[in-house]
Structure formats: structure tokens, C-alpha cells
Amino acid sequence: MLTIGLVIALLCSSEIGANPNVTETKSDAEFSIDEVSQLNRQFLEFLIEYDASEVAESDDLRCISAFQQLSKAYLNRERHGLEWFDSWGKIPSGLYYENGYALGNYEQCRRYRWQEVRGQHCTLAVVLPGELPVFFSGMCVPQYCSQQFLTQVYGAYMLGKGAFVLPMDVNLCNQDRDVEFNGAVITAITLYEVIQLIREEEVRPLFASFSLHKNIRSIMHITPRITDPAKKMDMIECANGIRALSMIWIVVLHVNEATFAIPYSNPTSRKEWMRSFPVSIMYNTGILAVDTFLALSGMLVSYNMLRELDKHGKINPLMMYLRRYIRLSAPLAPLILLVVSFGKYLGEGPLWSSIVGREERACSEYWWSALLYIQNYVNPRSMCLPWTWYLSVDMQLYIVAPLLIYPLWRWGKRVLLAIGFLAVLSIGCVFTTFLVNDFQIHDVGDGSRHKMTYYPTHARMSVWLLGTIFGYILHKTKATGVKLPARYYTIGWASCFAALGLIIYATYEMLRTDFHEYSGVADAFYEALSRSVFAICVMWIIFACVNGQGGVIDDMLSSSLFQPLSKLSYTMYLLHLLLFMMASVANAKTDVVFSVMDIFYRIWGAIGLSTSVSLLWSAIFEVSFGTLERCLLRR
């Protein structure tokens with residue numbers, strides 16, 4: 001049975017075990033620890049006896065020849081042979097505790113030199129007979145050996161043992177490599193040189209937008225809290241705290257999710273932690289955090305567009321779209337360029353090629369759909385930077401915004417019913433799709449659920465549409481506010497907390513219960529309603545805060561300290577997962593021990609790293625191009 005760690009480690013880069021030509025060979029007797037411990041040792045004897053007469057490729061012949069020389073050196077107890085095999089993975093501790101990682105010593109292998117032989121580290125996954133976990137065998141092989149030939153030879157050996165090697169279509173071998181100056185690298189360097197040349201010229205107002213000093217100051221600038229109730233509605237200060245905390249929640253979600261790829265020596269402890277109630281708040285319900293951004297987006301688009309219509313009586317949709325495109329693409333395009341050019345050179349390890357390489361391949365092929373914001377429909381199974389699916393949804397909804405908000409401004413409340421009906425249709429679409437396809441939330445399956453109910457705009461737009469309705473309410477009441485009896489606000493807060501508690505508890509129960517034990521109707525209701533109910537709770541909090549009924553919650557969310565983090569939230573969203581995967585997952589070279597403190601350490605590290613890099617990234621790209629856009633379009 002494949003571990004989920006392998007699936008996440010490869011980031012769905014291959015259909016593991018899906019090769020129809022591979023036949024599972026299992027013996028009736030289960031492997032013992034002694035048999036596993038001798039697998040790689042006995043492989044050396046297999047190599048010595050290997051018949052190379054049928055090997056046609058010259059590199060394969062050199063590979064077998066070097067293998068045989070090193071194997072004989074080990075059996076003869078020669079130093080270079082002992083050092084070579086010493087770097088191989090040996091029997092892991094805790095096989096019966098689901099630890100199948102025997103990655104060996106990555107650094108020792110990569111530094112190995114003997115005559116013309118240089119070591120390259122390869123990791124192959126072996127399915128053993130019985131109930132033992134997948135055995136991840138790390139080995140140090142001569143640089144002449146291709147992964148295909150190594151899999152062929154090691155696979156033949158394992159078949160004789162009653163086991164088989166899983167076929168992989170990703171590169172699991174790591175050796176010395178030269179920097180390839182492809183078109184993407186040349187483009188990146190050229191852009192860097194152009195920017196440097198511009199900054200060396202005499203300072204002009206147009207070029208001042210690239211001043212790091214100026215841009216960082218603008219990001220870190222904090223304005224005092226507004227005390228005038230008449231102006232409080234114009235700023236909606238509590239949105240800063242909601243945006244910042246939601247971004248932190250997304251980081252927590254993705255850190256927990258990404259740790260599935262970490263080779264833990266005690267994965268059972270991690271499974272127990274993931275089933276605990278605190279994780280239902282930190283991890284499982286974290287998927288709702290992105291709906292906060294959708295609700296805020298709908299609210300702000302509606303609020304600002306209605307204010308513009310009140311002021312000028314018209315809007316310019318094409319200019320709106322251009323500004324929005326520059327706003328979203330300025331930080332995204334350089335990130336894609338980095339991934340397809342320098343990403344693979346920023347680190348190495350047994351998992352590096354499968355994780356970072358997956359992003360390089362996807363972005364090299366589908367960069368255009370990412371920058372056109374259509375990849376949630378065009379290539380949902382192989383998206384460039386998969387977590388950016390949200391940008392496609394947001395951009396598509398922004399394009400249709402004038403078609404909804406202009407009639408709302410022109411004819412008022414009658415259009416609210418139409419927008420509300422569209423939101424109900426979206427909820428009904430998700431509910432029906434779940435029932436028709438027998439989807440269940442914790443049954444990953446082949447990914448069809450995400451393709452049909454998680455990524456598509458029509459399945460996610462209910463929250464955004466509710467946000468536009470809320471933006472209309474705020475716009476209409478901004479001058480006077482909404483004065484309700486205190487008991488109504490008390491009922492509203494109680495209902496909000498009750499709904500949030502119900503969503504969190506339902507998520508916890510669905511997580512710890514086998515999905516085969518309850519009806520899929522429950523999942524359909526949860527998936528269809530939880531996002532909208534959560535968004536309504538967020539909008540209630542904003543409503544209460546702007547009307548002076550937020551109390552201590554308003555004081556916290558409206559704190560000026562959230563302003564810089566709120567400004568960085570978009571760039572953090574783009575960078576956080578890639579940074580964490582590179583810094584804490586893809587570069588893993590051996591198995592580690594899971595602990596709750598380790599998880600929290602990684603979470604805080606991810607928050608700190610994402611914030612620091614995002615500050616520079618935003619100053620260089622987001623703020624700079626935003627200033628250029630305002631200069632060129634004369635705003």
C-alpha cells in the first residue's frame with residue numbers, strides 16, 4: 001500500500017503504479033526485518049554476476065562495469081568500496097511503525113570520488129511482500145548510470161526476491177550538473193541588467209518606482225487608527241486584520257499539508273496528530289481561509305465600483321481590467337520565470353527533482369494559462385504553481401463584475417435578488433455534483449472532486465457574489481451606519497460563533513470517521529454550504545466592526561500592526577508554499593522524527609521566511625509596477 005507521503009512528495013507528478021506492464025509479484029510469506037536488511041547487500045552480489053553481454057548502450061556498459069568494480073572492492077574490504085557502500089540506505093528503524101525510508105547519506109554519496117567514478121544519489125521505491133510499508137531505497141551509483149537502466153537492473157533483482165520497483169517518470173537521481181542557459185535564464189538575466197541600468201541613470205519620477213528604499217517604506221508605513229465614526233466606513237480597517245490572519249492561516253494549512261512529503265521515521269505519530277481536534281482548526285478548516293479572500297474581493301470590488309459610479313456616473317471596464325492584470329501579474333510573472341529558470345539550481349536532495357522539477361515542468365508547459373488566468377479550467381490537473389488556482393477564479397469574477405455591479409447601481413435592490421439567485425445556483429451546482437458523482441470530502445480518489453467542485457469559478461463564486469451584496473450594503477449605509485438594538489448584535493455574534501463552531505466540529509468528525517460509514521449527502525451539504533456560511537460569518541464580523549459593535553475583536557483586527565502584513569498578503573500567497581517546500585521539504589536528505597514542536601517550528605519558520613522574502617519581492621515587483629501603472633495610466 002502506497003504511503004500518502006510518496007504521493008505528496010512527487011506532487012502528483014506521476015500515476016504511481018499505474019503502468020499496466022508492471023505485474024505485482026508477491027510471495028505468500030511476509031518479509032522479515034532480516035530479509036529487508038540484506039536486500040541492498042545481496043544486490044552487490046547480483047551486480048557482480050550480472051551478464052553485461054546483452055547491454056547495448058555504452059553508458060550502460062560503463063555503469064555495470066563501475067558497479068561491478070565497486071561491489072568487488074566492497075566484498076574485498078577495500079577502503080573505496082567500503083566508503084561507497086557506507087553511503088547506501090540500510091534497514092530503517094521502525095518498519096512495523098510504517099517507516100520505510102532508508103535514504104542513506106546523501107552528502108557522502110554526492111562527494112564520493114574514485115578514479116573517474118563520481119557518485120550520484122538515487123532513490124527507488126520498492127513494494128515488499130506482506131504488509132510492510134513501501135521501501136525507499138537510497139543508493140550511491142556511478143554517474144554513468146541512467147535512472148531507466150538502474151530501475152531495470154534493480155527491478156530485475158527485486159523481482160527475484162518477490163518484490164517490485166515502482167516505475168517513476170520523475171528524476172530521482174541527483175548528480176553534478178551544469179547551469180543550462182536556456183531562454184528563460186537569458187530572459188531573467190536580461191531583465192535584471194535592464195533594471196540595473198535604469199537605476200544607474202539620473203533619477204526620474206517614472207523610474208523612482210524601482211527604489212527599494214521608497215517601496216519598502218511604503219509597505220511598512222503604518223497609519224494611525226481612525227477614530228472618527230464618519231470616516232471609519234471608508235477605510236474598513238478591520239479588513240486588514242482579517243486579511244493578515246487569513247494569510248497566516250493559509251500558511252499553517254500548507255505547512256501541515258506539505259509535511260506529508262517529509263520522510264518521517266514515525267509517520268504513525270503524525271497520523272495521530274493529524275486526527276486530533278486542534279488540527280481541525282489549524283489544518284482541515286484552513287481550506288476555508290481562501291474563501292475569506294473571495295468574500296473580501298467581492299466586497300471591495302462592489303464597494304469601490306459603486307463609489308466610482310456615484311462619483312463619475314460611469315466606469316471604464318477595459319482600464320479596470322488592465323490595472324487588475326498588472327496588479328496580479330507583476331509579482332506572478334517573475335515567480336514563474338524563476339521557477340522555470342533557476343529553481344532547480346537552488347538546492348538538491350532525494351526529493352528535490354520530484355518536487356521542484358514538477359513545478360518547472362508544469363510552468364514550462366502551462367505558463368501561458370497561468371498568466372491568462374484560465375488554468376483552473378484549461379489544465380486543472382497540471383497547474384503551474386497549483387495554489388494559484390485562486391487567482392484564476394478571482395480574475396474571472398473580476399471580469400464579470402461590471403455586468404453585475406453596474407445594474408446594481410442603476411436599478412438597486414431588484415438586482416440583489418438576481419445576484420443572490422446566482423449564488424444559490426452555485427451552491428446547488430456543488431451539491432448536485434457531489435451527489436451525482438458520489439464524491440466524499442476525505443476520499444481523494446483521482447482528483448476529479450477538486451477538478452469539478454474546488455477549482456472551477458462556477459463552483460466557488462457563491463462566496464464572491466455574497467461579498468458583492470455585502471459591499472452594496474456597506475456602500476448604502478456608509479453615511480449613517482446601521483443602528484440596531486443591542487440585542488440584535490448579541491444574536492448576530494452568538495449565531496456567528498455557533499456557525500463557526502459547527503463548521504469546525506463537523507470537519508473534525510468527518511476527518512476521524514471513515515467516509516464509508518456515513519452517507520455522501522452529509523459531505524454534499526458540508527461542501528456546498530460550509531464556504532458560504534463561513535463567508536457570511538466573516539462579513540458579519542466586518543459589519544459589526546464598522547458599525548462600532550465589534551468590541552475587543554474590532555480593536556484587534558483594526559490594529560495598525562496588521563497593515564504591513566495585509567499589504568504583503570498577496571505576495572505571501574504567491575511565495576509561501578514554494579519557499580517552504582524548498583527550504584524545509586525538498587532539500588531533506590534523510591528521515592526525521594515527527595513532533596508537535598517540530599510542526600510549530602516549521603510553521604513559524606514558514607511565516608518568517610515568507611514575510612521576509614515577500615517584503616523584497618513586493619517592493620521590487622508589486623509596488624514598483626503599481627507605481628508605474630499609475631504613472632503611465634495617469635491615475
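Residues numbered from 1 in each chain as written. Predicted model: local features only at pLDDT ≥ 70, side-chain atom pairs only at ≥ 80, totals over all residues. Heavy atoms only, no water.

- An unreviewed UniProt entry lists the protein chain under the name Nose resistant-to-fluoxetine protein N-terminal domain-containing protein, from Culex pipiens pipiens.

Overview of the overall build of the protein chain
(1) Moving on: Across its full length, the protein chain holds 26 helices and six strands.
(2) Moving on: Counting only residues that meet the buried cut, the protein chain has 53% of its 635 residues in that class.
(3) Moving on: Residue pairs in contact within the protein chain that sit at least 24 positions apart in sequence constitute 79% of those at least 6 positions apart.
(4) Moving on: For the protein chain, the exposed surface amounts to about 29600 Å²; the carbon and sulfur share of it is 61%. (Helix = DSSP H or I, 4+ residues; strand = E, 2+ residues; numbered from the N terminus. Buried < 20%, exposed > 50% of the residue type's maximum accessible area, 1.4 Å probe, protein only. Contact = heavy atoms within 4.5 Å. Areas by Shrake-Rupley, 256 points an atom, 1.4 Å probe, with all protein chains shown as cover.)

What to know about the pattern of salt bridges
(1) Moving on: What the rule picks out here adds up to 13 salt bridges.
(2) Moving on: The closest approach of N and O atoms between Glu-360 and Lys-344, which form a salt bridge, is 3.5 Å. Placement of Glu-360 in helix 16 (residues 352–371) and of Lys-344 in the loop between helix 15 (317–341) and helix 16 is noted, with a sequence separation of 16 residues between them.
(3) Moving on: Given a relative accessible area of 17%, Glu-360 falls into the buried group.
(4) Moving on: Ionic contacts of the salt-bridge type, sharing partners, join the residues Arg-449, Glu-527 and Arg-531 into one network. (Salt bridge = Lys/Arg side-chain N within 4 Å of Asp/Glu carboxyl O.)

Some thoughts on the side chain of Ser-618
(1) Moving on: Topologically, Ser-618 is positioned in helix 26 (residues 596–632).
(2) Moving on: In this structure Ser-618 comes out as buried when scored by relative accessible area, which is 2%.
(3) Moving on: Excluding residues that lie within four positions of it along the chain, Ser-618 makes contacts with Ile-219, Leu-568, Thr-571, Val-623 and Ser-624.

Let's talk about unusual backbone geometry
(1) Moving on: The residue Glu-98 is not glycine, and still its phi comes out positive at about 70 degrees.
(2) Moving on: Along the chain, Glu-98 turns up in the loop between helix 5 (79–86) and strand 1 (101–102).
(3) Moving on: Its identity as a non-glycine residue notwithstanding, Leu-385 has a phi of 55 degrees, on the positive side.
(4) Moving on: With respect to the helices, strands and loops of the structure, Leu-385 is situated in the loop between helix 17 (375–378) and helix 18 (389–411).

Examining the nonpolar core
(1) Moving on: Leu-332, Leu-385, Trp-389 and Ile-542 are the most contacted members of the largest nonpolar core, which has 136 residues in total.
(2) Moving on: In this view, Trp-389 contacts Val-290, Met-383, Tyr-454, Tyr-455, Arg-460 and Tyr-573; residues no more than four positions away in its chain are not counted. (Core = buried A, V, L, I, M, F, W, Y, C linked by side-chain atoms within 4.5 Å.)

Comments concerning the state of the cysteines
(1) Moving on: On inspection of all chains with the given rule, the structure shows four disulfides.
(2) Moving on: With its sulfur 2.0 Å from that of its partner, Cys-122 forms a disulfide with Cys-173. In this structure the cystine formed by Cys-122 and Cys-173 twists about its S-S bond by roughly 120 degrees; its chirality is therefore right-handed. Of this pair, Cys-122 sits in strand 3 (residues 117–127) while Cys-173 sits in strand 6 (residues 173–174), placing them 51 residues apart in sequence. (Disulfide = S-S within 2.5 Å.)

Topic: helix 15
(1) Moving on: The first and last C-alpha atoms of helix 15 sit 35 Å apart over 25 residues, in line with the 36 Å expected at 1.5 Å per residue.
(2) Moving on: At Ser-329, helix 15 is deflected by roughly 40 degrees, the largest bend along its length, and proline Pro-331 occurs up to four residues later in sequence. (Expected span 1.5 Å × (residues − 1). Bend = angle between axes of the 7 residues up to and from the residue.)

Details of the environment of His-254
(1) Moving on: As for its placement among the helices and strands, His-254 is situated in helix 11 (residues 238–258).
(2) Moving on: His-254 sits in the buried class, given a relative accessible area of 11%.
(3) Moving on: Separated by 352 residues in the primary sequence, His-254 and Ala-606 place their C-alpha atoms 9.7 Å from one another.
(4) Moving on: Beyond its immediate sequence surroundings of up to four residues, His-254 is in contact with Trp-387, His-576 and Leu-577.

A few points about a nonpolar patch on the surface
(1) Moving on: On the surface, Trp-367, Trp-368, Leu-372, Tyr-377 and Val-378 cluster together to form a nonpolar patch covering roughly 510 Å² of accessible area.
(2) Moving on: Counting only elements with at least two residues in the nonpolar patch, the list comes to helix 16 and helix 17.
(3) Moving on: With respect to the helices, strands and loops of the structure, Val-378 is situated in helix 17. (Patch = residues over 30% accessible without salt bridge, like charges linked within 9 Å, V, L, I, M, F, W, Y side chains within 5 Å.)

Some remarks on helix 4 (residues 58–75)
(1) Moving on: In this model, helix 4 (18 residues) spans 26 Å end to end at C-alpha, consistent with the 26 Å of a helix rising 1.5 Å per residue.
(2) Moving on: Here helix 4 has its buried residues at Asp-60, Cys-63, Ile-64, Ala-66, Phe-67, Gln-68, Leu-70, Ser-71, Ala-73 and Tyr-74.
(3) Moving on: Contact partners of the buried residues in helix 4: helix 3 (39–48), helix 5, strand 2 (113–114), strand 3, strand 4 (135–142) and helix 7 (147–160).
(4) Moving on: Downstream of helix 4 by a residue or two, Arg-77 has a phi angle that is positive, lying close to 60 degrees.

Notes on the packing of helix 11 against helix 23 (residues 520–546)
(1) Moving on: Between helix 11 and helix 23, whose axes approach to 10 Å, the crossing angle comes to 145 degrees. On helix 23, the residues that touch Cys-238, Ile-242 and Trp-249 of helix 11 are Phe-534, Val-538, Ile-541, Ile-542 and Cys-545.
(2) Moving on: Along the lines of polarity and charge, the residues of the contact of helix 11 with helix 23 split into eight nonpolar, no polar and no charged. (Axes fitted to C-alpha atoms, helices over the stretch in contact; angles between N-to-C directions. Nonpolar A, V, L, I, M, F, W, Y, C, P; charged D, E, K, R; others polar.)

Focus: the packing of helix 14 (residues 289–312) against helix 18
(1) Moving on: Running from amino to carboxyl end, helix 14 crosses helix 18 at an angle of 35 degrees, the nearest separation of the two axes being 10 Å. In this structure, helix 14 meets helix 18 at a crossing whose hand is right-handed. Within the contact between the two elements, helix 14 uses Val-290, Phe-293, Leu-294, Ser-297, Val-301, Ser-302, Met-305, Leu-306, Leu-309 and Asp-310 and helix 18 uses Trp-389, Tyr-390, Val-393, Asp-394, Leu-397, Tyr-398, Ala-401, Pro-402, Ile-405, Tyr-406, Leu-408 and Trp-409.
(2) Moving on: A class-by-class count of the residues in the contact of helix 14 with helix 18 yields 18 nonpolar, two polar and two charged. (Left-handed = near helix turned anticlockwise from the far one by under 90°.)

Focus: the pairing of strand 3
For a regular strand, the rule is simple: side chains alternate between the two faces of the sheet.
(1) Moving on: For strand 3, the tally of buried residues reaches ten of eleven residues, placing the bulk of the element in the interior.
(2) Moving on: Of the pairings in the sheet, the one linking strand 2 to strand 3 comprises two bridges and is antiparallel in character. Bridge pairing in strand 3 places Trp-114 opposite Val-117.
(3) Moving on: What sits between strand 2 and strand 3 in their antiparallel hairpin is a turn of two residues, with Gln-115 showing a positive phi close to 55 degrees.
(4) Moving on: Pairing analysis gives eight bridges linking strand 3 to strand 4, with the strands arranged antiparallel. The partner of Ala-125 across the bridge, within strand 4, is Phe-136. (Pairing = 2+ DSSP bridges.)

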